[in-house]
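Residue-level structural notes
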Amino acid sequence: MFALMQSTRLESLHLSVDPITGLKAVIAIHNSRLGPALGGCRYLAYPNDESAVEDAIRLAQGMSYKAALAGLAQGGGVAVIVRPAHVENRAALFEAFGRCIEQLDGRYITAIDSGTSVADMDCIAQQTQHVTSTTSAGDPAPHAAMGVFTGIRATAMARLGSDNLEGLRVAIQGLGNVGYALAEQLHAAGAELLVSDIDHGKVQLAMEQLNAHPIANDALLSTPCDILAPCGLGGVLNSHTVTQLRCSAVAGSANNQLTHLDVADQLERRGILYAPDYVINAGGLIYVSLKHRGEELGTITAHLSKISSRLTEVFAHAQAEKRSPARVADELAEKVLYR
């Protein structure tokens, strides 16, 4: 645990349990140099406690880098709640988690993430003010999708020479809140959609509403397309799956898409342009951060539009230096965090 903390430069790790509700929570604060740590709260089942801790640490690091390159006065942090096999009172569990956050005295602000909902954030808000993505704050998913959409246009321009998405084949892996909102925007722009999700109902809905083509979950990565958009959980790109890709670029909303930075080099060698995940998917963080600070929607939307120019900057550096955009983005973020 300490070795992983040191290798990722994690500031602190907080473990909390509540026997009454069954709460087992991890809060990882990676870097607070720019401001209080802000990041989502995941509520997922994990094979073991070590996996939950590792997930929190790596996600928190990504949030720090994301905030740094998005120009936000926030640090990076993430919470992970280990989902128990049986939950008697979900509201009580999230209220207990709210008390854990309150004990950190504003060092960490939580938000919606995989497995959690606006209703869960409302429960947390009963115990602490250090929470966003509540009913009053609004769901960040549409804004996250908006940021990814602008990032896909920037990626298409860099790799294909045009940001016109009409007729472009985009394969979306995962039709959650962000993935489906992204699919709607791509459909409106005239893109041809290939979709997969473990929830067949969501795939059926995309077929009916967006004229999407269904692809089996285990076949999507090897399906020919212009742009692959991973929008589910992380770790989809590894040394094996990268060899299967038949796309020109990868640009999606999922966090931690690469299992290792060497995979980014492998993509580069194959001529597949990679949009660093924490750059292109910063829209959700931008929304919750600025909304929590009381900014108007116009200001938030203007900040979202900067995702495109930041990606274009990263791609330009990468092309000039003949390196992966992932390595360039890491260096740019680290200059902000550790200068």
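Residues numbered from 1 in each chain as written. Predicted model: local features only at pLDDT ≥ 70, side-chain atom pairs only at ≥ 80, totals over all residues. Heavy atoms only, no water.

Per an unreviewed UniProt entry, the protein goes by the name Glutamate dehydrogenase/leucine dehydrogenase and belongs to Pseudomonas koreensis. Quoted verbatim from the Sequence similarities (unreviewed entry) heading of the UniProt record, the comment on the protein is "Belongs to the Glu/Leu/Phe/Val dehydrogenases family." (UniProt positions renumbered as here; feature names shortened; annotations may be inferred.)

1. Topic: the packing of aromatic side chains
Counted by the stated rule, this structure contains two aromatic pairs. Between Tyr43 and Phe94, the aromatic rings sit 5.2 Å apart at their centres with planes inclined by 65°, giving edge-to-face as the arrangement. You can see Tyr43 sitting in strand E3 (residues 37-44) and its partner Phe94 sitting in helix H3 (residues 90-103), a full 51 residues away along the chain. A centroid spacing of 5.6 Å and a plane angle of 80° characterise the contact between Tyr65 and Tyr278, whose relative ring orientation is edge-to-face. Residue Tyr65 is found in helix H2 (residues 49-70), and its partner Tyr278 is found in helix H9 (residues 277-280); the two are separated by 213 residues along the sequence. Pair check on accessibility: Tyr65 and Tyr278 agree, each one buried. Of note, Arg9 hangs over the ring of Tyr338, and the distance from its end group to the ring centre comes to 4.0 Å. (Phe/Tyr/Trp six-rings, centres within 6.5 Å; stacked < 30°, edge-to-face > 60°. Helix = DSSP H or I, 4+ residues; strand = E, 2+ residues; numbered from the N terminus. Buried < 20%, exposed > 50% of the residue type's maximum accessible area, 1.4 Å probe, protein only. Lys NZ or Arg CZ within 6 Å of the ring centre and 35° of its normal.)

2. Here's the deal with the pairing of strand E1 (residues 12-18)
In terms of strand pairing, E1 meets strand E2 (residues 23-31) through seven bridges, oriented antiparallel. The partner of Asp18 across the bridge, within E2, is Leu23. Hairpin connection between E1 and E2: a loop of four residues separates the two successive antiparallel strands, and Gly22 in this loop has a positive phi of roughly 85°. (Pairing = 2+ DSSP bridges.)

3. Some details on the side chain of Thr116
Tracing the backbone through its elements, the reader meets Thr116 in the loop between strand E5 (108-112) and helix H4 (118-125). Among all residues touching Thr116, those that are not within four sequence positions of it are Cys41, Arg42, Tyr43, Arg90, Phe94 and Met121. (Contact = heavy atoms within 4.5 Å.)

4. What about the UniProt feature "binding site: NAD(+)" (unreviewed entry) in the protein?
What UniProt calls "binding site: NAD(+)" (unreviewed entry) maps, in this numbering, to Gly174, Leu175, Gly176, Asn177, Val178 and Gly179. Within the secondary structure, Gly174 sits in the loop between strand E6 (169-173) and helix H6 (177-188). Sequence-distant contacts of Gly174, defined by excluding residues within four places in its chain, comprise Gly179, Ser196, Asp197, Cys231 and Gly232. Following the sequence through the fold, Val178 ends up in helix H6. Excluding anything up to four places from it in sequence, Val178 contacts Ala141, Ala144, Ala145 and Ser253.

5. Details of the environment of Val131
Here Val131 lies in the loop between H4 and helix H5 (141-160). Measuring from C-alpha to C-alpha, the distance between Val131 and Ile198 comes to 30 Å, with 67 residues separating the pair along the chain. Ignoring any residue separated from it by four or fewer positions in sequence, one finds Val131 in contact with Ile109, Thr110, Met121, Ile124, Ala125 and His292.

6. Overview of the nonpolar core
Among the nonpolar cores identified, the biggest contains 46 residues, and Ile152, Ile172, Leu182, Leu186 and Leu193 are the most heavily contacted of them. In this view, Ile172 contacts Gly179, Ala183, Leu186, Leu193, Leu194, Val195, Ser196, Leu220, Ala229 and Cys231; residues no more than four positions away in its chain are not counted. Tyr46, Ala60, Val80 and Val288 belong to the second-largest nonpolar core, a separate cluster that totals 33 residues. (Core = buried A, V, L, I, M, F, W, Y, C linked by side-chain atoms within 4.5 Å.)

7. Focus on the sheet that holds strand E11 (residues 273-274)
Pairing within the open sheet is parallel, and its six strands lie in the order E8-E7-E6-E9-E10-E11. Strand pairing shows two members of the sheet lacking a second neighbour, strand E8 (213-214) and E11, which therefore form its edges. Of the pairings in the sheet, the one linking strand E7 (residues 192-196) to E8 comprises two bridges and is parallel in character. When the bridges of E8 are listed, Val195 appears paired with Pro214. The strands touched by H6 within the sheet are E6, E7 and strand E9 (227-230), with E6 carrying the most contacts at an inclination of about 170°. Running over the sheet, helix H7 (residues 200-210) touches E7 and E8 and is turned about 165° from E7. (Axes fitted to C-alpha atoms, helices over the stretch in contact; angles between N-to-C directions.)

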